[in-house]
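Geometric and topological summary
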Amino acid sequence: MNRFALLTVAMLYYTVWLLLPVFELDNKLSMFPLPSIYAVYLPISLLLLGFAMVGTFLGVLLLLDSKDDESRSHLLEIDIAI
């Protein structure tokens, strides 16, 4: 099974899971084990977690870069004094 078909099936499953309350089928289908509200909360929480991880990574990079700049400026002062 190629990736496109797998992603299409996953997207269709998610879309049906999300629309269950609209058609009042929330507790009538057993192929969806969790309530439909998780179809909303799960992607939101994953996005927030992803943004937090990317922000933390970028913050650490900026902090390390500023420490390197301070050490480089100290070396330049020594070189200028000589």
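Residues numbered from 1 in each chain as written. Predicted model: local features only at pLDDT ≥ 70, side-chain atom pairs only at ≥ 80, totals over all residues. Heavy atoms only, no water.

1. A closer look at the environment of Ser45
Mapped onto the secondary structure, Ser45 falls in helix H2 (residues 37-81). A distance of 2.9 Å separates the side chain of Ser45 from the backbone oxygen of Leu42, its partner in a polar contact. (Helix = DSSP H or I, 4+ residues; strand = E, 2+ residues; numbered from the N terminus. Polar contact = N/O pair within 3.5 Å; in protein donor to acceptor, adjacent residues only side chain to side chain.)

2. Description of the side chain of Ser36
Residue placement: Ser36 occurs in the loop between helix H1 (3-19) and H2. The class for Ser36 is buried, based on a relative accessible area of 4%. Those residues in contact with Ser36 that sit more than four places away from it in its chain are Trp17, Leu20, Pro21 and Asp26. (Buried < 20%, exposed > 50% of the residue type's maximum accessible area, 1.4 Å probe, protein only. Contact = heavy atoms within 4.5 Å.)

3. A look at the packing of aromatic side chains
A complete count under the given rule lists one aromatic pair for this structure. Pairing Tyr14 with Trp17 gives two aromatic rings, centres 6.3 Å apart and planes at 75 degrees, and the pair type is edge-to-face. In this pair, Tyr14 and Trp17 are both assigned in helix H1, three residues apart and thus about one turn of the helix distant. Trp17 sits in the buried class, given a relative accessible area of 9%. (Phe/Tyr/Trp six-rings, centres within 6.5 Å; stacked < 30°, edge-to-face > 60°.)

4. Some words on the UniProt feature "transmembrane region" (unreviewed entry) in the protein chain
Following the UniProt record, one finds the feature "transmembrane region" (unreviewed entry) at residues 40-64. Taken end to end, residues 40-64 is 100% helix and 0% strand, and its two terminal C-alpha atoms sit 37 Å from one another. (UniProt positions renumbered as here; feature names shortened; annotations may be inferred.)

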